[in-house]
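# Analysis of the macromolecular model
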Amino acid sequence: MVTPGARRDAVAHVCKEHDVSQRRACAILAIDRSSVRYCSLRPNDASIREAMRQVASERRRFGYRRIHVMLDRQGIVMNLKKLRRLYREEKLAVRKRGGRKRALGTRRPIALPSRANERWSLDFVSDAFTDGRRFRVLAVVDDFTRECLALVADTSLSGPRVTRELDIVMAQRGRPHTIVSDNGTELTSMAILRWCQQTRVEWHYIAPGKPMQNGFVESFNGSFRDECLNETLFSSLPHARAEITAWKEDYNRQRPHSSLGNITPNEFAVKMAMEKQAA
């Protein structure tokens, strides 16, 4: 009996089962009667709890800090410590999935770009349909604004297909200065090399076995897998494309990004563009 609530329950149980007075039960259990008779003065937080459960049900991989940001956007302003208490009482804690091995030793921090389109990161993520067939997703991220520029899902993504998708993104956003990727066969093909010569885009390959050198897209892949791929069963390629596109729009326009001060990538991009114009 550690908590006051547990002590009150123990006293009530003794009084009921053994037909003794509250004074006698408190004396037997060595519990102060003032703590048993105390009535909580806390306000009714039913509306806050309901809003919290609603956000947690929609975004099952969000912890209490991101839920705090989402409630603040709805106009529910409250102390973070109180929200954390309610979060625990509602048993909304997110279970951590299996860990992974991490590199030991020192790491040099990745230099942060100073403007949009200065550097894009590119990588592949794989998953499976409900019938066991595999498919892949090409992810393209702007390292400065953290915007997801493309999520292309297909059963096959060759070098020429990658260049076509990059052309589509460039037509919307302009030409990047540098693209960073690993040394996959699709990304070291003649189609990629020819595309780099034609577009005059520098292509930087990370060292083999060093995914931390492409940390921005690796971080994005973790969120993408945790919040979308692991949370959804894909029955077909059209279904996967629809769900992934919806998640991409939510990631860019609704989901708070902790490294951007809990604003969305789109809001951060607009903010930086306005500061550049003001300068």
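The structure this text deals with has already been given above.
Not measured: the values here are computed from a predicted model.

What counts and what doesn't
Residues numbered from 1 in each chain as written. Predicted model: local features only at pLDDT ≥ 70, side-chain atom pairs only at ≥ 80, totals over all residues. Heavy atoms only, no water. Helix = DSSP H or I, 4+ residues; strand = E, 2+ residues; numbered from the N terminus. Expected span 1.5 Å × (residues − 1). Contact = heavy atoms within 4.5 Å. Buried < 20%, exposed > 50% of the residue type's maximum accessible area, 1.4 Å probe, protein only. Pairing = 2+ DSSP bridges. Axes fitted to C-alpha atoms, helices over the stretch in contact; angles between N-to-C directions.

### Some remarks on helix H1 (residues 4-18)
With 15 residues, H1 extends 21 Å from end C-alpha to end C-alpha; this agrees with the ideal 21 Å at 1.5 Å per step. Against helix H2 (22-29) and helix H3 (33-37) lie the buried residues of H1. One or two residues past the end of H1 sits Asp19, with phi positive at roughly 55°.

### Digging into unusual backbone geometry
Phi at Ala30 is positive, roughly 55°, even though this residue is not glycine. Taking relative accessible area as the criterion, Ala30 reaches 70% and is therefore assigned exposed. We note that Arg146 has phi near 65°; this positive angle belongs to a residue other than glycine. Among the secondary structure elements, Arg146 is positioned in the loop between strand S2 (134-142) and strand S3 (148-154). The exposure class assigned to Arg146 is buried, which follows from its relative accessible area of 14%.

### Points about the sheet that holds strand S4 (residues 178-181)
Pairing is mixed in the open sheet, where five strands are placed in the order S3-S2-S1-S4-S5. For this open sheet the edge positions go to S3 and strand S5 (202-205), each flanked by a neighbour on one side alone. This sheet shows a mean twist of 20° between the axes of neighbouring strands, independent of strand direction. Here S2 runs beside S3; their pairing, made up of six bridges, is antiparallel. For Arg136, the partnering residue across the bridge sits in S3 and is Asp154. Along the sheet face, helix H8 (residues 190-199) touches S4 and S5 and points at about 140° away from the line of S5. Of the strands in this sheet, strand S1 (119-128), S2 and S3 touch helix H9 (residues 215-229), which is tilted by about 35° from S1.

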